Amino acid sequence: MKTLRKNIFMKLNMAQYQLYSSANESSTVARCPIDCLIPEYGPEAPQPSYNQNSAIPFTIDYSYFINDISSKRQPSQLREITRVLEKLPPNSIKFGVGVPNVLTFPFKKISVEIITGENIKLQGQELSDALQYLPSVGYRPLIKILEEIQDRFHGPQYWNKRSIMMTSGAQEGLSKAVDMCMRCNDSVIMPDPVYTGAVDLFRPYDAEIIPIVQDSCGIVVEEIEKVLAKRKRKMMPIPKMIYVNPTASNPAGTTLPTHRKREIYRLACEYNMLILEDDPYYYLHFEKENPVSFLSMDTEGRVLRFDSFSKIMSSGLRVGFVTGPITLLRRMELHMQTSSMHTSSLSQVLLYKLLSHWGKDGLISHFMHVKNFYKQKLDYMMCAINKHLHGLAEWYTPNGGMFLWLKIIGLNDAKKLVTDRCLDKLIILAPGYALSANAENPSPYIRISYSIASPEEVDRGILLLAEAIREELLENICL
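Residues numbered from 1 in each chain as written. Predicted model: local features only at pLDDT ≥ 70, side-chain atom pairs only at ≥ 80, totals over all residues. Heavy atoms only, no water.

Undergrad: Can you help me understand the confidence of the model for the protein in this one?
TA: Close inspection of predicted coordinates is inappropriate for parts of the model with low pLDDT. Looking at the protein as a whole, its pLDDT mean stands at 88, while 88% of the residues score no less than 70. Considering only residues more than four positions removed or in separate chains, one finds that residues 43–55, a stretch of pLDDT under 50, has 28 contacts. (pLDDT = per-residue confidence, 0-100. Contact = heavy atoms within 4.5 Å.)

Structure (structure tokens):
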């Protein structure tokens, strides 16, 4: 056991650890008031074998994070039957199952042609599974494949301590997690700017949103540490959660470097917080090596990781999944049992068939195809930006995803530019104020998405944007 821990984990010596602290790459020596075990793992590193039964147990008291409503949830007895059915032989006589008979459904076979010209077919038992109710956690054969994917990209996981639950996109998983943990007036740490779909989940709880500024490398860790230290000193409530969108973030396009992630995880350990790792753009990064995730360094069971197939397979399939400690995912499952019941059976079985057909190499090949597609889209955009917006805006080139974050020079608030002047020219942009942790504050920023527009549309659109900026600046001078 000692040898295993030595091979898999390293004990951080924070006196020698350099914390990246700003966009100009200045660094300071970070402090480490506690001992924190974090795996020395990278996605390309060899994965050691281990005995699942010898896994280090999570010792967190999860009741601290689970709110009163979630703690009162009880298993749906009828939904629990679907769990039992998975383990029974096919010749079982199912008198207790209140489901329709698939023989009454008008579908004989489902066949989908993929871009290679091959057909993915659902028939027989797989078709029955795709048309029938499933357990709330999801389609077990698909979950098995996803466990292998997580092991490959995020290091070997202890699946007797963690589990996976299928969700209707990553958003549903994030929603279930927030509803599980939040109490009225609780605080949460979030990057600024931020994905508005995340902020909106916290608003019904009158949450205190604690915005943390970002630079070109994402959320600035020192600012998190200042906030936490101040709240501790003043005996204010410590946030229970940190929300992060770590890879090619929406809207800023930033990717957190590994050393910042380690510092954030250290703070989560020190101040007893959960990390909500919302990472739908993980497979859309443009770096040579895959990012090191928070999940890969989670030795204490503090990370809920949200993955999505919306950006790499189909947003219409509505398939995502959450990976995290079994105790927390069970609470989320109980909520699922009484809400959507489960993610679309058809989408899950179809995705399972596709992943099985491709195998690991085929999946990696598809990831590369998607990344190369968006990288080319970004190149077109950056060419137009450099050509038309020099001197009018400031930006940094994103290293993945679909978004470019621009600051308009000379404007305190870009709202009128986006909502009036650009719309008059039939250019659709996202105003920065709408992507702020506090949407009431003026913002000189705009978000541009380069995912859909053609190269010709990109060049013409950015030229029109340049015209609109000049007109807006001129009007402001006249006023």
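Undergrad: Sorry if this is basic, but what is going on with the packing of helix 12 (residues 415–424) against helix 13 (residues 455–478) here?
TA: How two helices pack is summed up by the angle between their axes together with the distance between the axes. Between helix 12 and helix 13, the least distance of the axes is 10 Å, while the angle of their chain directions is 120°. Taken together, the axes of helix 12 and helix 13 lie oblique to each other. Of the two elements, helix 12 crosses helix 13, and the hand of that crossing is right-handed. Along the contact surface, helix 12 presents Lys-416, Leu-417, Arg-421 and Cys-422, while helix 13 presents Leu-465, Ala-468, Ile-469, Glu-471, Glu-472 and Glu-475. Of the residues assigned to the contact of helix 12 with helix 13, the class counts are five nonpolar, no polar and five charged. (Axes fitted to C-alpha atoms, helices over the stretch in contact; angles between N-to-C directions. Helix = DSSP H or I, 4+ residues; strand = E, 2+ residues; numbered from the N terminus. Parallel < 35°, antiparallel > 145°, perpendicular 65-115°, else oblique. Left-handed = near helix turned anticlockwise from the far one by under 90°. Nonpolar A, V, L, I, M, F, W, Y, C, P; charged D, E, K, R; others polar.)

Undergrad: Help me understand the sheet that holds strand 9 (residues 208–215), please; the structure alone is not making it clear to me.
TA: Sheet strands pair by backbone hydrogen bonding; their relative direction is either parallel or antiparallel. In spatial order, the strands read 7-14-13-12-11-8-9-10; together these eight strands make up an open sheet with mixed pairing. Edge positions in the open sheet fall to strand 7 (162–167) and strand 10 (218–219), since each of these has one partner strand only. Of the pairings in the sheet, the one linking strand 11 (residues 241–244) to strand 12 (residues 274–278) comprises four bridges and is parallel in character. Opposite Tyr-243, over in strand 12, you have Leu-276 as the bridge partner. (Pairing = 2+ DSSP bridges.)

Undergrad: What is the right way to look at the pairing of strand 5 (residues 110–113) in this model?
TA: Two faces belong to every sheet, and in a regular strand the side chains alternate between them. Examined bridge by bridge, strand 5 and strand 6 (residues 119–122) share four bridges and lie antiparallel to one another. From the neighbouring strand, Ile-110 faces strand 6, where its bridge partner is Leu-122. Taking the residues between adjacent antiparallel strands as the criterion, strand 5 and strand 6 are bridged by five residues, where Gly-117 takes a positive phi near 95°.

Undergrad: Sorry, what's going on with the nonpolar core here?
TA: The tendency in soluble globular proteins is for nonpolar side chains to be buried side by side. Counting 101 residues, the largest nonpolar core has Leu-389, Ile-448 and Leu-465 as the members making the most contacts within it. Counting residues per element, this core draws most heavily on helix 11 (residues 345–388), which supplies 15 residues. With residues up to four places along the chain from it excluded, the contact list for Ile-448 reads Met-381, Ile-385, Met-402, Phe-403, Leu-404, Leu-406, Leu-429, Ile-462 and Leu-465. Of all hydrophobic cores here, the second largest spans 23 residues; its members include Ile-212, Ile-242, Phe-294 and Met-297. (Core = buried A, V, L, I, M, F, W, Y, C linked by side-chain atoms within 4.5 Å. Buried < 20%, exposed > 50% of the residue type's maximum accessible area, 1.4 Å probe, protein only.)

Undergrad: I would appreciate a short explanation of the sheet that holds strand 16 (residues 403–408) in the present structure.
TA: Spatially, four strands are ordered 15-16-18-17 in an open sheet, and the strand pairing comes out antiparallel. The strands lining the two open edges of the sheet, one partner per strand, are strand 15 (393–394) and strand 17 (430–431). Sheet topology note: the strand 16/strand 18 (residues 445–449) ladder contains five bridges and is antiparallel. Bridged to Leu-404 within strand 18 is Ile-448. The strands touched by helix 11 within the sheet are strand 16 and strand 18, with strand 16 carrying the most contacts at an inclination of about 15°.

Undergrad: Which parts of the structure should I look at to understand a nonpolar patch on the surface?
TA: Where nonpolar side chains cluster on the molecular surface, the patch consists of Val-99, Tyr-133 and Met-341 and spans about 230 Å² of accessible area. Tracing the sequence through the fold places Tyr-133 in the loop between helix 4 (124–131) and helix 5 (140–154). Using a relative accessible area of 40% as the deciding quantity, one classes Tyr-133 as partly exposed. (Patch = residues over 30% accessible without salt bridge, like charges linked within 9 Å, V, L, I, M, F, W, Y side chains within 5 Å. Areas by Shrake-Rupley, 256 points an atom, 1.4 Å probe, with all protein chains shown as cover. Salt bridge = Lys/Arg side-chain N within 4 Å of Asp/Glu carboxyl O.)

Undergrad: Mind showing me how you'd approach unusual backbone geometry here?
TA: Of note, the amide linkage connecting Asp-192 to Pro-193 takes the cis form, showing an omega dihedral of 10°. Along the chain, the position of Pro-193 falls in the loop between strand 8 (187–192) and helix 7 (196–202). Residue Pro-251 is reached from Asn-250 by a cis peptide bond, and omega for that bond is 15°. Of note, Pro-251 is situated in the loop between strand 11 and helix 9 (258–271). With phi around 75°, Asn-185 is a residue other than glycine that occupies positive phi space. Assignment of secondary structure puts Asn-185 in the loop between helix 6 (169–181) and strand 8. Non-glycine residue Asp-206 carries a positive phi angle of around 50°. As for its placement among the helices and strands, Asp-206 is situated in the loop between helix 7 and strand 9.

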